[in-house]
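# Coordinates in review
Now for the letters of each chain:
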Protein chains: 2
Amino acid sequence: MTDIPYKIYLEESEMPTSWYNLRADMKNKPAPLVNPGTGKPMTAEELSGVFCADLVAQELDDTTPFIDIPEEIRSFYKMYRPSPLVRAYCLEEKLQTPAKIYYKFEGNNTSGSHKLNSAIAQAYYAKKQGLKGVTTETGAGQWGTALSMACAYLGLDCKVYMVKISYEQKPFRREVMRTYGASVTPSPSMNTEVGRKILAEYPGTTGSLGCAISEAVEDAVTHEGYRYVLGSVLNQVLLHQSVIGLETKAAMDKYGISPDIIIGCAGGGSNLGGLIAPFMGEKLRGEKDYRIIAVEPASCPSFTRGVFAYDFCDTGKICPLAKMYTIGSGYIPAPNHAGGLRFHGMSPVLSQLYHDKYMEAVSVRQTDVFEAAEFFARCEGILPAPESSHAILAAINEAKKCKETGEEKTILFGLTGTGYFDMVAYEKFHDGGMTNYIPTDEELQASIAQLPKL
Amino acid sequence: MTDIPYKIYLEESEMPTSWYNLRADMKNKPAPLVNPGTGKPMTAEELSGVFCADLVAQELDDTTPFIDIPEEIRSFYKMYRPSPLVRAYCLEEKLQTPAKIYYKFEGNNTSGSHKLNSAIAQAYYAKKQGLKGVTTETGAGQWGTALSMACAYLGLDCKVYMVKISYEQKPFRREVMRTYGASVTPSPSMNTEVGRKILAEYPGTTGSLGCAISEAVEDAVTHEGYRYVLGSVLNQVLLHQSVIGLETKAAMDKYGISPDIIIGCAGGGSNLGGLIAPFMGEKLRGEKDYRIIAVEPASCPSFTRGVFAYDFCDTGKICPLAKMYTIGSGYIPAPNHAGGLRFHGMSPVLSQLYHDKYMEAVSVRQTDVFEAAEFFARCEGILPAPESSHAILAAINEAKKCKETGEEKTILFGLTGTGYFDMVAYEKFHDGGMTNYIPTDEELQASIAQLPKL
């Protein structure tokens, strides 16, 4: 027996009252969003046509280290937070590793993931501004569900464009969003000009996050009283998600634990950026060192095989340009079962940190990810989301290395969500029908060659 | 603001170390199981052909008030327990009620319900006895998932007979069980003699818990090294589920809260029996009074329209007889979307307590249940299981009465699980295609007339 419980829950009184803005501690700030028409940084005024005013302020603020969490958002957080920091005793035993494995589990809410942390914040500011509603895109459906929940709570209208392949693979996700009063449209759709254009060009496309973003933005800017909200990539989203890392750090500090390795899956980067925030802050300030690893799917390898350059965040090329690791906004990833990681780019904050070598990245194959997922489910009980299972696999790999070397490292990873709506994927895995598509160098080069010239 | 947090989590050190055996405090003990062949109480030896030895002992023990929870089970409990006791601040506000509403939420584990509490206990004793595996039935799929998880953890084989309508309505449940290594068969099936007989007699049947039980029992007794395990009804199951009530009471005591009304949904009675256990104990010992309400579906009203008599627990009439409230083991309830509540009978413990007027019962209509479920989801965030939503509806009704009378009652209800695998039902509700089937008096009389004569 040990002093560390299976699950560490903070008291309500120990929950963070501010978000931590990692950018304030970055020497090399993430590059600003750029207007593709003028080639100049987007102004607050330009951004305000698309985003809520308070969120624009958060997006552009790279100097204030702590930003108060409004009381109303903290109340909502208390409905499903603090989330547990779990000691993976059973996983450690099954692996026979001397490593100590912890995971921050964000799946104990109906959206099934960490996405709710930013959804309630974005919905709150939209409500505060007196808007009628918001539009958004969703990949795996977790962000759309999260936003639906937040909007239902606050009484806002919610329009969701859902990546077509997820819409088809996860029929029940739509019904959950409907339960919370949202409208859900498979993307690309005939609702928008950009959707119609993409459909004409690629009639059989299964969609992508980039394409759904284009549609949601167009819908917002062409309807009075609506703004667009985004579940990842943006600086504001990483800010809101810092609540994950802040809680984790508080829980670890309480028990005198310090991670040697911190691992998170990375699609747009919101979970990873949130989890690592306070740890990376210490690293940036030179107070402490941590090994930080981003895990991405081999089928959509922006960090490991992309370039660090300005690119569109969306397929339709109607959004501002962001400087980030990208495999090209025109690249439509092969269908895989981690819809939340099928994004061609990466958070500008994380991209800058990766470029400056404050973190590493690895890419993993889909079938290996599901093998790790099932192994994890059977010993830790929790059925993980395919996205989260990328981090599980990397954590298991690190724990196995510890077994070889005998090192008692402390490994922390983000278990972002549950796989209850991913059973089509698990079924394919069980039936042996799951494949691993890895883009060729030629494909990526062709896509990267299309990057906008500034 | 108030002193009571949104969620009360006990510390690991505050978790129960014994189960509480309510029967020890009952003056009128629940009637024994009876052998239908001899008309005499089932002996331990007879029961041991079907159930594990340690579980038989627990089944028959109506005098020991506390039974130690083995260390291994307590370790497993720590992976997903303590479950939170939630103060429903938002629900109270939306209802504008002076009532204080609490719910014990058992859905934060992959089985999605409280069923895991007994599954791990039963699997543990099977393993301890050196068995190869266990067989069981499942209605909504929650029990089957729970047992699969417990068996995967302990390395036992697990065969699940799933009520056909749930199998069809919840295709992904099967895949979850498969992820945990179980085999799942829709019931009635051609695997067993009793299944083949039922199929011949009622070719279009959508199945029932009673019928699936018959098949699972037959499978166990005809295969070497297997025993049957049951997720509800039995005394042993209520014993294991007492962990729900013990945690709830410990959490309430910690904050000086005492419920006036305790509400739970009732199918076979495992959740309700577990939730109320320590409170009912106080009531039986005359230490304190509580109003206790069982909520059942109008389509399967064993408490409110059944009789208190000996009946078979299963449709196939191969199980022992139990004295309980029943609408007849031959009654196959109309399809509804709370598969976990489609059982013709009721726990003998709860039946005796209801008969002795220690508790009340109400029946509610399916569409009202889903309306309450959606209302609850939108304000409390959690998407509830249809079963649990029966309790939500009754709690809302009591809270509304408090609004009328101005009474500040404290209402506690059991939120047994989540509805992530019930989206077919929610979809039907949204689309207006949900109906309310309520059996006629003639139907129930005809079924009850078939009760076995002792």
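Residues numbered from 1 in each chain as written. Chains lettered and ligands numbered in written order. Predicted model: local features only at pLDDT ≥ 70, side-chain atom pairs only at ≥ 80, totals over all residues. Heavy atoms only, no water.

## Re helix α3 (residues 71-80) of chain A
- By the criterion of burial, α3(A) is predominantly enclosed, with seven of the ten residues buried.
- Of all the positions in α3(A), only Ile73(A), Ser75(A), Phe76(A), Tyr77(A), Lys78(A), Met79(A) and Tyr80(A) are classed as buried. (Buried < 20%, exposed > 50% of the residue type's maximum accessible area, 1.4 Å probe, protein only. Helix = DSSP H or I, 4+ residues; strand = E, 2+ residues; numbered from the N terminus.)

## With respect to the nonpolar core
- By size, the foremost hydrophobic cluster in this structure holds 244 residues, and its most contacted members are Met359(A) and Met359(B).
- With sequence-adjacent residues up to four places away left out, Met359(B) is seen in contact with Leu272(B), Ile276(B), Met280(B), Ile292(B), Ala294(B), Phe303(B), Leu350(B), Leu353(B) and Tyr354(B). (Core = buried A, V, L, I, M, F, W, Y, C linked by side-chain atoms within 4.5 Å. Contact = heavy atoms within 4.5 Å.)

## A short note on the layout of surface pockets
- Here the largest pocket defines a volume of roughly 650 Å³.
- As for the largest pocket, its lining consists of 34 residues, and the residues nearest its centre are Pro5(A), Lys7(A), Leu10(B), Glu11(B) and Glu12(B).
- Considering only residue class, the lining of the largest pocket consists of 19 nonpolar, three polar and twelve charged. (1 Å grid on protein atoms, 1.4 Å probe; cavity = no way out; pocket = protein on both sides within 12 Å on 5 of 7 lines; lining within 4 Å. Points joined across faces, edges and corners; volume = space filled by probe spheres on them. Nonpolar A, V, L, I, M, F, W, Y, C, P; charged D, E, K, R; others polar.)

## Quick notes on the packing of helix α5 (residues 116-128) of chain A against helix α6 (residues 142-154) of chain A
Residue and element names in this part refer to chain A.
- The contact between α5 and α6 brings their axes to 8 Å, and the two run at 40 degrees. Taken together, α5 and α6 sit at an angle that is classed as oblique. Seen along the crossing, α5 lies across α6 with a hand that is right-handed. Residues Leu116, Ser118, Ala119, Ile120, Gln122, Ala123, Tyr124 and Lys127 of α5 lie in contact with α6, whose contacting residues are Trp143, Ala146, Leu147, Met149, Ala150, Cys151, Tyr153 and Leu154.
- Within the contact of α5 with α6, the residues separate by chemical class into 13 nonpolar, two polar and one charged. (Axes fitted to C-alpha atoms, helices over the stretch in contact; angles between N-to-C directions. Parallel < 35°, antiparallel > 145°, perpendicular 65-115°, else oblique. Left-handed = near helix turned anticlockwise from the far one by under 90°.)

## Re the pairing of strand β12 (residues 307-312) of chain A
Residues and elements named next belong to chain A.
- Most of β12 sits out of view: five of its six residues are buried.
- Sheet topology note: the β12/strand β13 (residues 321-326) ladder contains six bridges and is antiparallel. Along β13, the bridge assignment pairs Tyr310 with Lys323. (Pairing = 2+ DSSP bridges.)

## Re the interface of chain A and chain B
- In this complex, chain A contributes 46 residues to the contact, which on the side of chain B involves 46 residues.
- Here chain A is connected to chain B by four salt bridges.
- In this structure, the salt-bridge partner of Arg178(B) is Asp431(A), at a minimum N-O distance of 2.7 Å.
- Inspection of the chain A/chain B interface yields 22 residue pairs in polar contact (both at pLDDT 80 or more).
- Put simply, the parts of the chain that give the side of chain A that touches chain B at least two residues each are α3, α4 (89-95), α6, α8 (171-179), α15 (366-380) and α17 (423-430) of chain A.
- Looking at which element gives the most residues to the side of chain A that touches chain B, the answer is α8(A), with six residues. (Salt bridge = Lys/Arg side-chain N within 4 Å of Asp/Glu carboxyl O. Polar contact = N/O pair within 3.5 Å; in protein donor to acceptor, adjacent residues only side chain to side chain.)

## Concerning the state of the cysteines
Residues and elements named next belong to chain A.
- One pass over the full model with this rule turns up zero disulfides over all chains.
- No disulfide involves Cys319; its sulfur sits 6.1 Å from the nearest other cysteine sulfur, which is in Cys313.
- A relative accessible area of 7% means that Cys319 is categorised as buried. (Disulfide = S-S within 2.5 Å.)

## A closer look at the environment of Arg342(B)
Residues and elements named next belong to chain B.
- With respect to the element layout, Arg342 can be found in the loop between β13 (321-326) and α14 (348-355).
- The exposure class assigned to Arg342 is buried, which follows from its relative accessible area of 2%.
- Considered as a pair, Arg342 and Gly139 are 203 residues apart in the sequence and their alpha carbons are 7.7 Å apart.
- If we skip the residues at most four places from it in the chain, Arg342 touches Val163, Ile165, Thr206, Gly207, Leu209, Cys300, Pro333, Ala334, Pro335 and Asn336.

## Here's the deal with the domain arrangement of chain A
Residue and element names in this part refer to chain A.
- Entries for chain A in the domain assignment read domain 1 (8-14 + 81-112 + 243-448) and domain 2 (24-56 + 115-228).
- Relative placement of domain 1 and domain 2: their C-alpha centres are 22 Å apart.
- The interface of domain 1 with domain 2 comprises 44 residues on the first partner and 43 residues on the second.
- Between domain 1 and domain 2, roughly 3,400 Å² of surface is buried when both sides are summed, and carbon and sulfur atoms account for 62% of that area.
- A per-residue breakdown of the area domain 1 buries against domain 2 is headed by Ser111, Arg342 and Phe421, which together make up 19% of the total.
- Put simply, Arg285 and Asp25 hold a salt bridge, and the shortest N to O gap is 2.9 Å.
- Viewed at the interface, domain 2 and domain 1 are joined by ten residue pairs in polar contact (both at pLDDT 80 or more).
- For the side of domain 1 that touches domain 2, the secondary-structure elements that each account for two or more residues are α11 (235-254), α12 (270-284), β12, β13 and α14 (348-355).
- Tallying contributions element by element places α14 first for the side of domain 1 that touches domain 2, with four residues. (Domains from an automatic or database assignment. Buried area = accessible area lost by both parts, 1.4 Å probe.)

## Some details on the packing of aromatic side chains
All names here are of chain A.
- What the rule picks out here adds up to 39 aromatic pairs over all chains.
- Aromatic side chains Phe376 and Phe413 sit 6.3 Å apart centroid to centroid with 75 degrees between the ring planes, which places their arrangement in the edge-to-face category. Residue Phe376 is found in helix α15, and its partner Phe413 is found in strand β15 (residues 410-415); the two are separated by 37 residues along the sequence.
- Judged by its relative accessible area of 0%, Phe376 falls in the buried class.
- Given the relative accessible area of 0%, Phe413 is considered buried.
- An aromatic cluster of three or more residues is present, and its members are Phe76, Tyr77, Tyr80 and Tyr153.
- Above the plane of the ring of Tyr226 lies Lys159, whose end atom (NZ or CZ) is 4.5 Å from the centre. (Phe/Tyr/Trp six-rings, centres within 6.5 Å; stacked < 30°, edge-to-face > 60°. Lys NZ or Arg CZ within 6 Å of the ring centre and 35° of its normal.)

## Structural notes on the relation of the copies chain A and chain B
- With an axial shift of 0.0 Å and an RMSD of 0.0 Å, the rotation relating chain A to chain B amounts to 180 degrees. The symmetry that links the two subunits is that of a two-fold axis. When each C-alpha of chain A is compared by its distance to the rotation axis, Asn108(A) comes out closest, at 3.0 Å.
- Here 100% of the contact residues of chain A are again contact residues in chain B; the copies associate through an equivalent surface. (Least-squares fit on C-alpha atoms with pLDDT ≥ 70 in both.)

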